[in-house]
Amino acid sequence: METRASLRPRRLGHIVLMVRDIHASVRFYTEVMGLTVSDWISDQMVFLRASSDHHDLALSQIPKDSAALNDLPRYDRPGVEHFSYLVDDMAEMERSVAVLQAHGVEIVRGIGKHGPGENLFLVFKDPDGNNVELYCEMTQITAERPYEARVWERNIESFDQFRFERFVVPPPAAVVAAKQGGAKADTTDDGGQS
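Residues numbered from 1 in each chain as written. Predicted model: local features only at pLDDT ≥ 70, side-chain atom pairs only at ≥ 80, totals over all residues. Heavy atoms only, no water.

1. Here's the deal with the nonpolar core
Turning to step 1, where the next piece is worked out: Among the nonpolar cores identified, the biggest contains 13 residues, and Met-93, Ile-107, Ile-111, Leu-122, Phe-124 and Leu-134 are the most heavily contacted of them.
Turning to step 2, where the next piece is worked out: For this core, the elements supplying multiple residues, two or more each, are helix H2 (90-102), strand S6 (107-113), strand S7 (120-125) and strand S8 (131-136).
Turning to step 3, where the next piece is worked out: Here the element with the most residues in this core is H2; it accounts for four residues.
Turning to step 4, where the next piece is worked out: Non-local contacts of Ile-107, meaning those with residues more than four positions away in its chain, are made with Val-97, Leu-100, Gln-101, Leu-122, Val-123, Phe-124, Val-168 and Val-169.
Turning to step 5, where the next piece is worked out: Counting eleven residues, the second-largest nonpolar core is a separate cluster that includes Leu-17, Ile-22, Val-46 and Leu-57. (Core = buried A, V, L, I, M, F, W, Y, C linked by side-chain atoms within 4.5 Å. Buried < 20%, exposed > 50% of the residue type's maximum accessible area, 1.4 Å probe, protein only. Helix = DSSP H or I, 4+ residues; strand = E, 2+ residues; numbered from the N terminus. Contact = heavy atoms within 4.5 Å.)

Shown next, in the form of structure tokens:
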């Protein structure tokens, strides 16, 4: 497989924020910002859009018993679960794995395929430990292709329709436990999934 010196992102895609009160945040992003809800995963994650992409913002609920629940974001540490860049297709996603490995970059999760949005994903770490995602093949919602929001169960199907079979690294144990058993997991590895 040909590898090049760098990845080939097309544009910035979406961002996932960890929030203290997901319902208050949804009200803000729909009523104040004017976004539209595309889907929910249980009452723990919501996908919102401003355009035809299934989502450009996702919110993930911090567990109510988290010791850091009221530790508001500061400029001296990351507060975003991940941000993403669009790539062309699965072939480019696979080429990106080789590029990341050649550069010694830590791959965190993927290649997988989410339920909400139907997008392929690959998540890796930048030098500061931030999660960066490459994605492709996201559901497009337009007047010609309307979409009705639904609530997904928080399980393996909503997280990865490939069921970890295409992951290039072992999935984090906390993600496996949470997604296969439907139980709450340590959020240090679970985070957002879009």
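2. Here we look at a nonpolar patch on the surface
Turning to step 1, where the next piece is worked out: Where nonpolar side chains cluster on the molecular surface, the patch consists of Phe-28, Val-32 and Met-33 and spans about 300 Å² of accessible area.
Turning to step 2, where the next piece is worked out: Note on placement: Val-32 falls in helix H1 (residues 22-32).
Turning to step 3, where the next piece is worked out: Residue classification places Val-32 among the exposed residues on the basis of a relative accessible area of 58%. (Patch = residues over 30% accessible without salt bridge, like charges linked within 9 Å, V, L, I, M, F, W, Y side chains within 5 Å. Areas by Shrake-Rupley, 256 points an atom, 1.4 Å probe, with all protein chains shown as cover. Salt bridge = Lys/Arg side-chain N within 4 Å of Asp/Glu carboxyl O.)

3. A closer look at the packing of aromatic side chains
Turning to step 1, where the next piece is worked out: This structure, assessed with the given rule, holds six aromatic pairs.
Turning to step 2, where the next piece is worked out: Geometrically, the ring pair formed by Phe-28 and Tyr-29 is edge-to-face, given 4.8 Å between the ring centres and 90° between the ring planes.
Turning to step 3, where the next piece is worked out: Ring-pair connections join several aromatic residues into one group, and the members of that group are Phe-121, Phe-159, Phe-164 and Phe-167.
Turning to step 4, where the next piece is worked out: One residue, Arg-166, lies across the ring of Phe-162, its end atom 5.6 Å from the ring centre. (Phe/Tyr/Trp six-rings, centres within 6.5 Å; stacked < 30°, edge-to-face > 60°. Lys NZ or Arg CZ within 6 Å of the ring centre and 35° of its normal.)

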